[in-house]
Amino acid sequence: MRVLVPFDASEPKTRLSDVLDRRERAEFAYAMLEDVLSAVRESGEEPELLATAPLADERDVTVPVTVDDRPLSPAINDVLAGADEPVAVVMADLALARPADLHRLFDADGEVVAVPGRGGGTNALVVRHPEFRVDYHGVSFRDHRKVAARIGAAFSVFDSHRLATDIDERSDLVELLLHGAGHAADWLDAAGFRLAETGGRVTVQRTDDSDSERLK
Ligand SMILES: Nc1nc2c(ncn2[C@@H]2O[C@H](COP(=O)(O)OP(=O)(O)OP(=O)(O)O)[C@@H](O)[C@H]2O)c(=O)[nH]1
Ligand SMILES: C[C@H](OP(=O)(O)O)C(=O)O
């Protein structure tokens, strides 16, 4: 199996612009990438990075990196078109993913196995059908189900709280502070992010206090 980890190395995590500046968004995106690459490797597979641009020099990711500046779907579909083995696609912002979760996903049966993301996305895929092609962005989970139906591929859904949690917006940071245990959660904590209980749903606030509240 090939395991692709797509990564926007150019202008990552723009939906976090309300809480992070551009440099912080890049740092945070790389921290999540490190966690995902480690989890894939510890699941027993070797990840391949598919980046929009060369990584910054100081980022020593020790995995094969392919630079492809095309939009996400054409870049992934080019790999699928030439694949002679199953291909998994794992997004680089699945900051809660653990090796065991990924191992179960990669082992799941099905011609197309999809992990739904928050808000209608597709957080991960395992593709074993030669005609399947991705169609990311928007309500991609629904679109991928339609693609599978159109080519007659069996489409199965892989349910996992951790793999369904992609970190896109401020509200997603709550999950990372509560359930994360890697570089990205540490980065948030060090940046002063804390849970904020305001009576409704728990949110996050950014403070300059040093009292970590990470669940040990
Ligand atoms: N190779 C590649 N990866 C991409 C591209 N766009 C997004 N990604 C990656 O795909 C995954 C999911 O994309 P998003 O959640 O939209 O990530 P993002 O683009 O950093 O976030 P936003 O700027 O807020 O949309 C992340 O791991 C991104 O790094 C792209 O055009 N090419
Ligand atoms: C790539 C995209 O990610 P999202 O924008 O939904 O986080 C998707 O899953 O289709």
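Reading the values: rules and limits
Residues numbered from 1 in each chain as written. Chains lettered and ligands numbered in written order. Predicted model: local features only at pLDDT ≥ 70, side-chain atom pairs only at ≥ 80, totals over all residues. Heavy atoms only, no water. Buried < 20%, exposed > 50% of the residue type's maximum accessible area, 1.4 Å probe, protein only. Helix = DSSP H or I, 4+ residues; strand = E, 2+ residues; numbered from the N terminus. Contact = heavy atoms within 4.5 Å. Salt bridge = Lys/Arg side-chain N within 4 Å of Asp/Glu carboxyl O. Pairing = 2+ DSSP bridges. Axes fitted to C-alpha atoms, helices over the stretch in contact; angles between N-to-C directions. Near = heavy atom within 4 Å. Polar contact = N/O pair within 3.5 Å; in protein donor to acceptor, adjacent residues only side chain to side chain. Areas by Shrake-Rupley, 256 points an atom, 1.4 Å probe, with all protein chains shown as cover. Domains from an automatic or database assignment. Buried area = accessible area lost by both parts, 1.4 Å probe. Nonpolar A, V, L, I, M, F, W, Y, C, P; charged D, E, K, R; others polar. Core = buried A, V, L, I, M, F, W, Y, C linked by side-chain atoms within 4.5 Å.

> I'd like a description of helix H6 (residues 183-190), backed by residues and values.
Taken as a whole, H6 has its buried residues at Ala184, Ala185, Trp187, Leu188 and Asp189. Buried residues along H6 sit in contact with helix H1 (22-42), helix H5 (173-179) and strand S8 (193-196).

> Could you give an account of the pattern of salt bridges, with specific residues and numbers?
Counted by the stated rule, this structure contains 16 salt bridges. We note a salt bridge from aspartate 93 to lysine 13, for which the minimum N-O separation is 2.8 Å. Residue aspartate 93 is found in the loop between strand S4 (87-90) and helix H3 (99-107), and its partner lysine 13 is found in the loop between strand S1 (2-7) and H1; the two are separated by 80 residues along the sequence. Residue classification places lysine 13 among the buried positions, given a relative accessible area of 17%. Aspartate 101 is the partner of arginine 98 in a salt bridge, and the nearest nitrogen-oxygen pair spans 3.3 Å. Among the charged side chains, a salt-bridge network with shared partners connects Lys13, Arg15, Asp93 and Asp168.

> I'd like to hear about the sheet that holds S4, residue by residue, with values.
Pairing within the open sheet is mixed, and its seven strands lie in the order S3-S2-S1-S4-S6-S5-S7. At either end of the open sheet lies a strand with only one pairing partner, and these are strand S3 (65-67) and strand S7 (155-157). With direction set aside, neighbouring strand axes in the sheet form an average angle of 25 degrees. Against the sheet, helix H4 (residues 140-151) touches strand S5 (112-116), strand S6 (122-127) and S7, its axis set at about 150 degrees to S7.

> Got a sec to walk through the site of ligand 2? Specific residues and values, please.
Ligand 2 sits among Arg15, Leu72, Met91, Gly121, Thr122, Tyr136, His137, Ser140, Asp166 and Asp168. One of the backbone N or O atoms of threonine 122 is found 2.8 Å from an oxygen atom in ligand 2. Contacts to ligand 2 include serine 140, whose side-chain N or O atom sits 2.7 Å from an oxygen atom. Protein coverage of the free-state accessible area of ligand 2, which is 300 Å², stands at 87%.

> So, the site of ligand 1: which residues are in play, and what are the values?
In the region of ligand 1, 17 residues are neighbours, and Asp8, Lys13, Thr14, Arg15 and Leu50 sit closest. Between ligand 1 and lysine 13 there is a distance of 2.8 Å, counted from an oxygen atom to a backbone nitrogen or oxygen. One of the side-chain nitrogen or oxygen atoms of aspartate 93 is found 3.1 Å away from an oxygen atom of ligand 1. Bound to the protein, ligand 1 loses 87% of the 600 Å² it would expose on its own.

> Tell me about the domain arrangement of the protein, and please be specific about residues and values.
Each domain of the protein was delimited in the assignment, giving domain 1 (2-164) and domain 2 (170-206). Distance from the C-alpha centre of domain 1 to the C-alpha centre of domain 2: 23 Å. Across the contact, 16 residues belong to domain 1 and 14 residues belong to domain 2. Summing both sides of the interface, domain 1 and domain 2 together bury roughly 1400 Å²; the carbon and sulfur share of this comes to 60%. Counting the surface domain 1 buries against domain 2, the share from its top three residues, Val19, Phe28 and Arg118, is 33%. Across the pair arginine 118 and aspartate 172 runs a salt bridge, and its minimum N-O distance is 2.7 Å. Counting across the domain 1 and domain 2 interface gives eight residue pairs in polar contact (both at pLDDT 80 or more). Grouping the amino acids of the side of domain 1 that touches domain 2 by side-chain chemistry returns eight nonpolar, one polar and seven charged.

> How would you explain the nonpolar core if you had to name every residue and give the values?
Core analysis: the biggest nonpolar cluster contains 53 residues, and Phe7, Leu102, Leu105 and Phe132 have the highest contact counts within it. Among the elements that make up this core, the one with the highest residue count is H1 (seven residues). Sequence-distant contacts of phenylalanine 132, defined by excluding residues within four places in its chain, comprise Leu80, Val112, Leu125, Val127, His144, Val147, Ala148 and Ile151. Core analysis: the next-biggest nonpolar cluster, separate from the first, contains 20 residues, Val19, Leu20, Met32 and Val174 among them.

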